[in-house]
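# Examination of the molecular architecture
Next come the chains, spelled out residue by residue.
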Amino acid sequence: FATQVFKTSWDVAGAIEKYLSSDIAAWAMAFGLGKVVKSGTTPNFTYTCTPLNPTTDGIELPYFSFIEQIRPGGSSVIDRMAVGCAVEGWGISIGSGPGRANSKINIEFVGSGKLTEPSAITLPAATAEKLLPSASLTLSINSVDYVTNKNIVSLECGWKNNLRLDAGFFPGSGFQSTGDATSGAIRGRLECGNRQGSLKFVARFASGSTELTSLKSQTTGTAVIALQYDANNKLTVTFHQVSFAAAEVGDTDGLVTVSVECQPQYHATNGVVSAVAQCNTDGICQ
């Protein structure tokens, strides 16, 4: 049996799941893909986001701090800040039916392990977000417009950075308390691993539908997913070259459907994926 324990290392991990809005979409694309070009002025800020190019941009994503507060002040329950966090991945799900839950985003993140308690941060007022509802979807995959055809049932797309977590604890990466080896090691970096894009959708399968034909012939094309609140709040995600990896015929509410898993590929000119996020919030990932 152990007679003594030691603080060896610290870890921070979490997830944010919420209804999809233009502001959180811009934040997730910027920090999740890593390369950001901002343009525009109030009330329309445009963030054009693409994955890091390891040759020119390196493999470290932009970092952010994650702050948790419950009843901050003299009698706070929790007031802490996780410093040096990076997005592990994001996923967007679009579904059928009424209500807000048919348009959601999930963001996974990992931290260096460095904590500041209390945070010494006064949080700003909550952002008035602009919902990107499922009903606003426009969708084209391999030259097929699934919205105009009224065939789309649901869709999921995402991005994973597969961060190199253990490599963050390198010789000299540092400690929770600077210079104190008994306080436990923290990560000194968070770097991308082998990144992955994902796209799958369910559509009604009618006479003349092309999904099985595209699967058999391994046809490649572009997938463009767009959602909008108004002229100043939009999200457009483009997978520049996809093929169909699997297509399964099934049933949804008594109607024949086809569930398609797409395989994002690298396009020689445009890369794998790009996202253009427009919102009213300035300074995201700047």
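Here we summarise the structure given alongside this text. The shown structure was predicted, so the numbers you read here are calculated from the model rather than taken from an experiment. (Residues numbered from 1 in each chain as written. Predicted model: local features only at pLDDT ≥ 70, side-chain atom pairs only at ≥ 80, totals over all residues. Heavy atoms only, no water.)

The terminal C-alpha atoms of helix H1 (residues 22–33), which comprises 12 residues, lie 16 Å apart, in line with the 16 Å expected from a rise of 1.5 Å per residue. Of all 12 residues that make up H1, 11 are buried, and the element is covered over most of its length. What H1 keeps buried is the set Ser22, Asp23, Ile24, Ala25, Ala26, Ala28, Met29, Ala30, Phe31, Gly32 and Leu33. Two residues or fewer after H1 comes Gly34, characterised by a positive phi angle close to 110°. (Helix = DSSP H or I, 4+ residues; strand = E, 2+ residues; numbered from the N terminus. Expected span 1.5 Å × (residues − 1). Buried < 20%, exposed > 50% of the residue type's maximum accessible area, 1.4 Å probe, protein only.)

With that settled, the discussion passes to the pattern of salt bridges. With the rule as written, the count across this model stands at 10 salt bridges. The partner of Glu156 in a salt bridge is Lys200, with the nearest N and O atoms 3.8 Å apart. You can see Glu156 sitting in strand S9 (residues 152–160) and its partner Lys200 sitting in strand S10 (residues 196–204), a full 44 residues away along the chain. Here Arg189 makes a salt bridge to Glu191, at a shortest N to O gap of 3.8 Å. Each member of the salt-bridge network shares a partner with another, and the members are Glu88, Glu108 and Lys160. (Salt bridge = Lys/Arg side-chain N within 4 Å of Asp/Glu carboxyl O.)

Tracing the backbone through its elements, the reader meets Ser173 in the loop between S9 and S10. Residue class for Ser173 comes out buried when judged on its relative accessible area of 14%. Of note is the side chain of Ser173, whose polar atom sits 2.9 Å from the backbone oxygen of Ile186. Residues contacting Ser173, with those up to four places away along its chain left out, are Gly168, Ile186, Arg187 and Gly188. (Polar contact = N/O pair within 3.5 Å; in protein donor to acceptor, adjacent residues only side chain to side chain. Contact = heavy atoms within 4.5 Å.)

Regular strands show a simple pattern: their side chains alternate between the two faces of the sheet. Of the two faces of strand S7 (residues 138–141), only the one carrying Leu139 and Ile141 is buried; Thr138 and Ser140 on the other face are not. Summarising the sheet, S7 and strand S11 (residues 221–230) pair through four bridges and their orientation is antiparallel. Each residue of the ladder has a partner; that of Leu139, found in S11, is Ile225. Examined bridge by bridge, S7 and strand S8 (residues 144–145) share two bridges and lie antiparallel to one another. Bridge pairing links Ser140 to Asp145 in S8. The antiparallel pairing of S7 with S8 creates a hairpin that spans two residues between the two strands, and Asn142 there sits at a positive phi of about 50°. (Pairing = 2+ DSSP bridges.)

So, about the environment of Ala26. With respect to the secondary-structure elements, Ala26 resides in helix H1. Of the residues examined, Ala26 reaches a relative accessible area of 0% and is grouped as buried. Sequence-wise, Ala26 and Ala275 are 249 residues apart; in three dimensions their C-alpha atoms are separated by 8.6 Å. Among all residues touching Ala26, those that are not within four sequence positions of it are Tyr47, Ala277, Cys279 and Ile284.

This part covers the packing of aromatic side chains. Counting across every chain of the model gives seven aromatic pairs. Relative to Phe64, the ring of Trp27 has its centre 4.9 Å away and its plane inclined at 75°; by these criteria the two rings are edge-to-face. Taken together, the residues span a long stretch of sequence, with Trp27 in helix H1 and Phe64 in strand S4 (residues 64–70) at a distance of 37 residues. With relative accessibility at 9%, the residue Phe64 sits in the buried group. (Phe/Tyr/Trp six-rings, centres within 6.5 Å; stacked < 30°, edge-to-face > 60°.)

This next bit is on the side chain of Asp79. Looking at the secondary structure, you find Asp79 in strand S5 (residues 78–94). No salt bridge is formed by the buried Asp79; its nearest oppositely charged neighbour, Arg80, is found at 8.6 Å. Of note is the side chain of Asp79, whose polar atom sits 3.2 Å from the side chain of Gln69. (Lys, Arg positive; Asp, Glu negative; His and termini not counted.)

Moving on to the pairing of S5. Most of S5 is tucked away, with 12 of its 17 residues classed as buried. Relative to S5, S4 is paired through six bridges, and the arrangement is antiparallel. Directly across from Glu68, in S5, lies its bridge partner Arg80. In this structure, S5 lies alongside strand S6 (residues 103–116), joined through 12 bridges in antiparallel fashion. Opposite Ile92, over in S6, you have Ile105 as the bridge partner.

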